[in-house]
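Working through the structure, step by step
These are the residues of each chain, in order.
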Amino acid sequence: MNCEKLSNPRMDKKKKLKHTVNKAKEESSMEKKHQNGKSKSIHHILPLDLIHIILLRVPIRHLARLRCVSKLWCSLISNRDFAELHFHHSPAATNACFFMKNDTMADLVYLDDNDASQKEVCPPFRKKPPSVFLVVGSCRGFILFHRDPHFLVVWNPLTGSSKRISYSHIVHRSKSPVYGRIAYGVYLHGFGYDASQDDYLLLVAWCDCELQYHLDCFSLRTNSWINLDAAVPNRLGFLCWHSGGLFFNGAVHWVPFDLKDYRDAIIIFDLVEMTFSTISAPEQLSSSYTCLALLGGCLSLYSCKDDCYNTDIWVMKEYKVHSSWTLYQIPCKYFRPLCLSSNKDIIGRGYTSCGKTGYFIYNVRGDLLKHFKDLCCQLPRREPIIVYTESLLPLPSDIKDKDNKNKMKKEIRM
């Protein structure tokens, strides 16, 4: 599977980053003036441009800690243009698997060719149980949660940045007889990034008591809701969809649990055009349980029959090209493909016919290469799990808050 990872960095990123490096150089020279008589720092030995190149190759988890080295490094690493460049072009991108362990704690699992690790994290939830949080999406290092009855939470586990969003206005529109709840219920969520507007968008599709379908979109940049009812197609119907959509190629994708017709199987919502479209699944696909995945920058479907200890993984090697669907069979029941290794082998979790449960690496021929025995693993279908690429990217609201603080500081100085 040699699909290229899609990216859409801005043309002026390098110019902005050059400005950031120059600014950091000024700060470095100021630091040197205050270091009379002190031992030489790394800034005296290596040019800042070279430090910047090195930092772009540092894995993101270590990079977050390196902000504590000095004010200069903190300024460089915390810069949004640096974070954007690292996210798109770093050869050391870190994929992590995230799932809720209970109502207040979650697990992060890091997998690669030779090693695996797991750590417990605490999401930014203000209320304790019985509030139920459900993982419903991820995008550019951020994770989206839903909490009953009408709240969404966006969170970056690496930076700790988060935002809580209410959609209580939808409850009022649905005219529900039950206080605090939508008349019929939410059946789709979506989370993605509109590169043309540099904006993160949250989607909520729901049905009212008159069985009318609605779609609302929240913009993190404008901090406002947009009603998109006119865009909702009739074919969404009452199929049992996976609530969380998969963001890929500038659009959010959904597929029903029970895929009965391969035609128009995958529903797509384009975040730039604000329109729906569909993709057909392979004709040979037949299963009562079908899910979406992203493998090596390619849209994929995986499915498993209840009476079979094999998982079929269909990979669309060319986006929206039906003839490019390619089948791989993994001898593991309810295998959940998570990502590809550097050798293009499939990393996932499930359980085998001989009773092994956990995380595995299979090659494309279905040969078991590795079983990570030391990782705690519940059965794959017990809780939603998402795969996301860690990043230091800020939310638009964080940028505005920082700009406002800088503006206030300037006004105070004046």
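This text follows the structure it describes.
To keep things clear, this report deals only with the structure shown in the data block. (Residues numbered from 1 in each chain as written. Predicted model: local features only at pLDDT ≥ 70, side-chain atom pairs only at ≥ 80, totals over all residues. Heavy atoms only, no water.)

Enumeration over the complete set of coordinates arrives at 14 aromatic pairs. A ring pair is formed by phenylalanine 98 and tryptophan 155, whose centres lie 6.0 Å apart and whose planes are at 70 degrees; its orientation type is edge-to-face. With phenylalanine 98 in strand 1 (residues 95-100) and tryptophan 155 in strand 6 (residues 151-155), this pair connects stretches of sequence that are 57 residues apart. On the basis of relative accessible area, phenylalanine 98 is assigned to the buried category, the value being 0%. By relative accessible area, tryptophan 155 is classed as buried at 5%. Summarising the aromatic geometry, the rings of tyrosine 167 and tryptophan 225 are spaced 6.4 Å apart at their centres and angled 75 degrees between planes, so their arrangement reads as edge-to-face. (Phe/Tyr/Trp six-rings, centres within 6.5 Å; stacked < 30°, edge-to-face > 60°. Helix = DSSP H or I, 4+ residues; strand = E, 2+ residues; numbered from the N terminus. Buried < 20%, exposed > 50% of the residue type's maximum accessible area, 1.4 Å probe, protein only.)

Among the secondary structure elements, phenylalanine 269 is positioned in strand 14 (residues 266-270). Sequence separation between phenylalanine 269 and valine 232 is 37 residues; the distance between their C-alpha atoms is 9.6 Å. The contacts of phenylalanine 269, once residues within four sequence positions are left out, are Leu203, Leu215, Leu228, Ala231, Ala251, Val252, Trp254, Met274, Thr275 and Phe276. (Contact = heavy atoms within 4.5 Å.)

With seven of its seven residues buried, strand 10 (residues 213-219) lies for the most part within the structure. Burial along strand 10 is two-sided: Tyr213, Leu215, Cys217 and Ser219 and His214, Asp216 and Phe218, pointing in opposite directions, are all buried. In this structure, strand 9 (residues 199-207) lies alongside strand 10, joined through seven bridges in antiparallel fashion. Its bridge partner lying in strand 10, leucine 201 is registered against serine 219. Linkage of strand 9 to strand 10, two consecutive antiparallel strands, is achieved through a turn of five residues, within which leucine 211 is found at a positive phi near 60 degrees. Hairpin connection, strand 10 to strand 11 (residues 224-227): the antiparallel pair is bridged by four residues, and asparagine 223 has positive phi, about 55 degrees. (Pairing = 2+ DSSP bridges.)

Further remarks concern the sheet that holds strand 14. The strands making up a sheet associate through backbone hydrogen bonding, with each pair oriented either parallel or antiparallel. Spatially, the four strands line up as an open sheet ordered 12-13-14-15, and their pairing is antiparallel. Only two strands of the sheet have a single neighbouring strand rather than two, namely strand 12 (246-248) and strand 15 (275-279). This sheet shows a mean twist of 30 degrees between the axes of neighbouring strands, independent of strand direction. Bridge count between strand 13 (residues 251-254) and strand 14: four bridges; the pairing is antiparallel. (Axes fitted to C-alpha atoms, helices over the stretch in contact; angles between N-to-C directions.)

Bringing the sheet that holds strand 7 (residues 162-166) into the picture now. With antiparallel pairing, the four strands of this open sheet are ordered in space as 4-5-6-7. For this open sheet the edge positions go to strand 4 (133-139) and strand 7, each flanked by a neighbour on one side alone. Taking the axes of each pair of neighbouring strands and ignoring which way they run, one obtains an average angle of 20 degrees across the sheet. Where strand 5 (residues 142-147) meets strand 6, five bridges bridge the pair, whose relative direction is antiparallel. Paired with arginine 147 across the two strands is phenylalanine 151, which belongs to strand 6.

Moving on, we come to the nonpolar core. Formed by 55 residues in total, the largest nonpolar core has its most connected members in Leu55 and Leu202. The greatest single-element share of this core, amounting to eight residues, is contributed by strand 9. With residues up to four places along the chain from it excluded, the contact list for leucine 202 reads Leu144, Leu152, Val154, Ile165, Gly190, Phe191, Asp216, Cys217, Phe218, Leu220 and Trp225. (Core = buried A, V, L, I, M, F, W, Y, C linked by side-chain atoms within 4.5 Å.)

On to the state of the cysteines. Going through the model one piece at a time under the given rule, you end up with zero disulfides. Left without a disulfide partner, cysteine 339 is nearest to the cysteine sulfur of cysteine 97, which lies 5.7 Å away. The exposure class of cysteine 339 is buried, given its relative accessible area of 8%. (Disulfide = S-S within 2.5 Å.)

Where helix 3 (residues 48-55) meets helix 5 (residues 71-78), the axes come as close as 11 Å, and the angle between the chain directions of the two elements is 55 degrees. By the criterion of interaxial angle, the relationship of helix 3 to helix 5 is oblique. Crossing angle aside, the handedness with which helix 3 passes helix 5 is right-handed. Along its contact with helix 3, which presents Leu48, Ile51, His52 and Leu55, the element helix 5 presents Leu72, Trp73, Leu76 and Ile77. Taken together, the residues of the contact of helix 3 with helix 5 sort by class into seven nonpolar, one polar and no charged. (Parallel < 35°, antiparallel > 145°, perpendicular 65-115°, else oblique. Left-handed = near helix turned anticlockwise from the far one by under 90°. Nonpolar A, V, L, I, M, F, W, Y, C, P; charged D, E, K, R; others polar.)

Further remarks concern unusual backbone geometry. We note that methionine 274 has phi near 60 degrees; this positive angle belongs to a residue other than glycine. As for its placement among the helices and strands, methionine 274 is situated in the loop between strand 14 and strand 15. Accessibility expressed as a relative area gives 22% for methionine 274, which makes it partly exposed. In the Ramachandran plot, lysine 344 falls in the positive-phi region, its phi being about 70 degrees despite a non-glycine side chain. Mapping lysine 344 onto the fold places it in the loop between strand 20 (333-340) and strand 21 (346-351).

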